[in-house]
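# Descriptive analysis of the structure
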Amino acid sequence: QVQLVESGGGLVQAGGSLRLSCAASGGTFRRYSTGWFRQAPGMEREFVATISWSGVNTYYADSVKGRFTTSRDNAKNTVYLQMNSLKPEDTAIYYCAASPDYRGTTSRSREYDYWGQGTQVTVSS
């Protein structure tokens, strides 16, 4: 059983930056790929980014490619999402999730077994 806790959300102006953290406990976190998803009010949850357990493989949604970067520090059981050049349309609750690494770096939410509670990101125009 893996528990995930996100932090680092907040209010930022358009063009600004935030770094989200996803801290894991329980289980063997380094055996899991970790994904980031977001959900805006009235919208479906959507994939943002994912990173393999080794940190070598990453995959991003087209909407954030070139602006967001995910990384991980397995010694600290923590995954990060650096978000730069933020836009109002990035406003959402951001969730991290863990998927057994054998499933690969997937964008499909159903492949993720464990989820955090989410952190709010609000980008003002």
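Shown above is the structure to which this text applies.
Described below are features of the structure shown in this document. Because the structure is a prediction, the values reported are computed rather than measured.

Conventions and cut-offs
- Residues numbered from 1 in each chain as written.
- Predicted model: local features only at pLDDT ≥ 70, side-chain atom pairs only at ≥ 80, totals over all residues.
- Heavy atoms only, no water.
- Helix = DSSP H or I, 4+ residues; strand = E, 2+ residues; numbered from the N terminus.
- Buried < 20%, exposed > 50% of the residue type's maximum accessible area, 1.4 Å probe, protein only.
- Contact = heavy atoms within 4.5 Å.
- Pairing = 2+ DSSP bridges.
- Axes fitted to C-alpha atoms, helices over the stretch in contact; angles between N-to-C directions.
- Core = buried A, V, L, I, M, F, W, Y, C linked by side-chain atoms within 4.5 Å.
- Phe/Tyr/Trp six-rings, centres within 6.5 Å; stacked < 30°, edge-to-face > 60°.
- Salt bridge = Lys/Arg side-chain N within 4 Å of Asp/Glu carboxyl O.

Now for the overall build of the chain. For the chain, the helix and strand inventory stands at zero helices and 11 strands. Counting from the amino terminus, the chain carries its helices and strands in the arrangement β-β-β-β-β-β-β-β-β-β-β. Taken along the three principal axes of its C-alpha coordinates, the chain extends 40 × 25 × 25 Å. The proportion of buried residues among the 125 residues of the chain is 45%.

A few words on the environment of methionine 83. Here methionine 83 shows up in strand S8 (residues 78-83). Dropping the residues within four chain positions of it, methionine 83 is found in contact with Gly16, Ser17, Leu18, Leu20, Arg67, Phe68, Tyr94 and Val121.

Once that is clear, we can look at the sheet that holds strand S1 (residues 3-7). Hydrogen bonds between backbone groups are what pair the strands of a sheet, and the pairing can be parallel or antiparallel. Reading across the sheet, the four strands line up as S1-S3-S8-S7 and stay open at both edges, with antiparallel pairing between neighbours. Sheet topology places S1 and strand S7 (68-73) at the edges, where each strand pairs with a single neighbour. Recorded for the sheet is a direction-independent mean angle of 15 degrees between the axes of neighbouring strands. Summarising the sheet, S7 and S8 pair through six bridges and their orientation is antiparallel. Along S8, the bridge assignment pairs aspartate 73 with threonine 78.

What follows deals with the nonpolar core. Core analysis: the largest hydrophobic core is formed by 31 residues, its most contacted members being Leu4, Trp36, Val48, Phe68, Leu81, Met83 and Tyr94. Ranked by residues supplied to this core, first place goes to strand S9 (residues 92-100) with five residues.

Another aspect to go through is the packing of aromatic side chains. Applying the stated rule across the entire model yields six aromatic pairs. Pairing phenylalanine 37 with phenylalanine 47 gives two aromatic rings, centres 5.7 Å apart and planes at 70 degrees, and the pair type is edge-to-face. Here phenylalanine 37, found in strand S4 (residues 32-39), pairs with phenylalanine 47, found in strand S5 (residues 46-51); they are 10 residues apart in sequence, far enough to count as distant. The pair phenylalanine 37 / phenylalanine 47 is uniform in exposure class, with both members buried. A connected cluster of aromatic rings, assembled from ring pairs, spans Phe37, Phe47, Tyr59, Tyr112 and Trp115.

If charged atoms from side chains of opposite charge come close, those side chains can pair. Overall, the coordinates contain seven salt bridges when judged by the stated rule. Note that arginine 103 is salt-bridged to glutamate 111, the shortest N-O span being 3.8 Å. Look at glutamate 111 and you get buried, because its relative accessible area is 18%. A salt bridge links glutamate 111 to arginine 108; its shortest N-O distance comes to 3.3 Å. Overall, arginine 108 belongs to the partly exposed group, its relative accessible area being 40%. If you follow the salt bridges from partner to partner, you end up with Arg38, Glu46, Arg67 and Asp90 in one network.

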